[in-house]
Amino acid sequence: MSTAIEANGLVKRYGRRAAAALDDCSFRLPTGRISALVGPNGAGKSTLLTIAAGLSRPTSGSISVLGAAPGTHRAKVSYLAQSKPLYPQLSVADTLKVGAALNPERWDAAYASKIVEQGELDPKAKIRSLSGGQRTRVALALALGKRPELMLLDEPMADLDPLARHEMMGTLMADAAEHGTTVLMSSHIVTELADACDHLLLLGGGRIRLGGGIDDLIGAHSLVTGRGDLAPHTVVESRASGRGVTALIRRDGQLGEGWQVQEPSLEELLLAHLRSPDAPPLLTPGTTAAPRRTEVTA
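What counts as what
Residues numbered from 1 in each chain as written. Predicted model: local features only at pLDDT ≥ 70, side-chain atom pairs only at ≥ 80, totals over all residues. Heavy atoms only, no water. Pairing = 2+ DSSP bridges. Helix = DSSP H or I, 4+ residues; strand = E, 2+ residues; numbered from the N terminus. Contact = heavy atoms within 4.5 Å. Axes fitted to C-alpha atoms, helices over the stretch in contact; angles between N-to-C directions. Parallel < 35°, antiparallel > 145°, perpendicular 65-115°, else oblique. Nonpolar A, V, L, I, M, F, W, Y, C, P; charged D, E, K, R; others polar. Salt bridge = Lys/Arg side-chain N within 4 Å of Asp/Glu carboxyl O. Buried < 20%, exposed > 50% of the residue type's maximum accessible area, 1.4 Å probe, protein only. Polar contact = N/O pair within 3.5 Å; in protein donor to acceptor, adjacent residues only side chain to side chain. Phe/Tyr/Trp six-rings, centres within 6.5 Å; stacked < 30°, edge-to-face > 60°. Lys NZ or Arg CZ within 6 Å of the ring centre and 35° of its normal. 1 Å grid on protein atoms, 1.4 Å probe; cavity = no way out; pocket = protein on both sides within 12 Å on 5 of 7 lines; lining within 4 Å. Points joined across faces, edges and corners; volume = space filled by probe spheres on them.

Draft legend 1. Up close: the sheet that holds strand β7 (residues 182–186). Ordered by their spatial adjacency, seven strands build an open sheet running β5-β6-β7-β3-β8-β9-β14, and the pairing between neighbours is mixed. At either margin of the open sheet sits one strand with a lone partner, and together these are β5 (77–80) and β14 (282–283). Inspection of the sheet shows strand β9 (residues 207–213) paired to β14 by two bridges, in the parallel sense. From the neighbouring strand, Gly211 faces β14, where its bridge partner is Leu283. The strands touched by helix α1 (residues 45–52) are β3 (34–38), β5, β6 (150–154), β7 and β8 (199–204); relative to β6, the strand with the most contacts, the crossing angle is about 150°.

What follows is the structure, given as structure tokens:
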């Protein structure tokens, strides 16, 4: 299985005395996956995406994107920042022309125009006159119009209303499925992730705490309710529930009598790990980075 992004021991500090935004961050993202990048505010999600896009250098550690240093394959990578920077004085049509000029070998003009037309945008309208959601649509048209192999998206749908978000997510997922595009997308909307993504990276404390296929990660956990000893199972979170406890665990062998067992939802899995930052990390074999080979130091 080929690799879209691989990080090993990645560290990023903004100043010598500042806490690390990324701290020994290691993971592997296989190609063709639609991966959700989740974590609390300040976890380092935007930092990781900007490093992968080649717009920021790590303090130390190594990272490769499509088999090379970040920024090497700019024509094959689309990056959409939270701010969605566009030239406010340009029209929608002129913005797409800029996209074509910057990506002469890969630009799909018809596809980019279709995305804009689906939002019923006036091609002559200035970017500065558009709503936040409309600007997001234009920015996504630019990102998708270059037909990238890898898309890095930082909260791409945050300023869209639910209907527009559903439509744009459908467009994004259809494109990824048709062209085998790898997507790494940060988001706080769990229902959006469950419906659209097949892979998960949970970032906390500057490092990956959960990584792998969503089905595999859910299958590795059980939500149990009852009374008794949970040893030797790994308990991610436990809280009082009636006369017993409800706990999210990683099962190691059989449970004793008196426990009700069910599969957790993605939301239950994420919330339990977010509330329990000291829980042991879990990365599936396909998400574990190879042993460190080279060091990149800023």
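After presenting the structure, the write-up continues.
Draft legend 2. Broad picture of the sheet that holds strand β12 (residues 244–250). Pairing is antiparallel in the open sheet, where four strands are placed in the order β11-β12-β10-β13. The two strands at the open ends of the sheet, each matched to only one other strand, are β11 (234–241) and β13 (259–262). Strand-to-strand twist across the sheet, computed as the mean angle between neighbouring axes with direction ignored, equals 20°. Taken together, the four bridges between strand β10 (residues 222–226) and β13 define a ladder with antiparallel strand orientation. If you follow Leu223 over to β13, its bridge partner there is Gln262.

Draft legend 3. Spotlight on the environment of Arg251. Assignment of secondary structure puts Arg251 in the loop between β12 and β13. The sequence separation of Arg251 and Gly219 amounts to 32 residues, and the corresponding C-alpha distance is 9.9 Å. Arg251 has contacts with Ala220, Ser222, His233 and Val261, leaving out every residue within four places of it along the chain.

Draft legend 4. Just the packing of helix α4 (residues 132–145) against helix α5 (residues 162–179), in detail. For the pair α4 and α5, interaxial distance at closest approach is 12 Å and the crossing angle is 0°. As summarised for this structure, α4 and α5 are arranged roughly parallel, according to the angle between their axes. Taking contact as the criterion, the partners of Arg137, Leu140 and Leu144 in α4 are, on α5, Glu167, Met168, Thr171, Leu172 and Asp175. In terms of residue class, the contact of α4 with α5 is made up of four nonpolar, one polar and three charged.

Draft legend 5. Summary view of the pattern of salt bridges. Under the defined criterion, the tally for this structure stands at nine salt bridges. One salt bridge connects Glu167 with Arg137, and the closest N-O pair in it is separated by 3.8 Å. Residue Glu167 is located in helix α5, and its partner Arg137 is located in helix α4; the two are separated by 30 residues in the primary sequence. Assessed through its relative accessible area of 38%, Glu167 is described here as partly exposed. In this structure Arg137 comes out as buried when scored by relative accessible area, which is 7%. For Arg147, the salt bridge is made with Asp175, and the minimal N-O distance between the two is 2.5 Å. In this pair, Arg147 is assigned in the loop between α4 and β6 and Asp175 in helix α5, connecting sequence segments 28 residues apart. Each of the two residues, Arg147 as well as Asp175, counts as buried.

Draft legend 6. Geometry of the side chain of Thr246. Position of Thr246 among the secondary structure elements: in strand β12. Within the structure, Thr246 has its side chain in polar contact with the side chain of Ser241 (distance 3.2 Å). Those residues in contact with Thr246 that sit more than four places away from it in its chain are Leu223, Val224, Thr225, Glu237, Ser238, Arg239 and Ser241.

Draft legend 7. Structural view of the packing of aromatic side chains. On inspection of all chains with the given rule, the structure shows zero aromatic pairs. Sitting over the face of the ring of Tyr111, Arg147 holds its NZ or CZ atom 4.0 Å from the ring centroid.

Draft legend 8. Summary view of the layout of surface pockets. What the largest pocket holds in volume is close to 800 Å³. For the lining of the largest pocket, the secondary structure elements donating two or more residues are β5, α2 (92–102) and α4. Here the lining of the largest pocket is composed, by residue class, of 20 nonpolar, seven polar and three charged.

Draft legend 9. Summary view of the environment of Leu274. With respect to the helices and strands, the residue Leu274 is situated in helix α8 (residues 266–275). Among the residues examined, Leu274 registers a relative accessible area of 36% and is labelled partly exposed. Taking C-alpha positions, Leu274 is 7.3 Å from Gly39, a pair spaced 235 residues apart along the chain. With sequence-adjacent residues up to four places away left out, Leu274 is seen in contact with Gly39, Pro40, Leu202 and Arg209.

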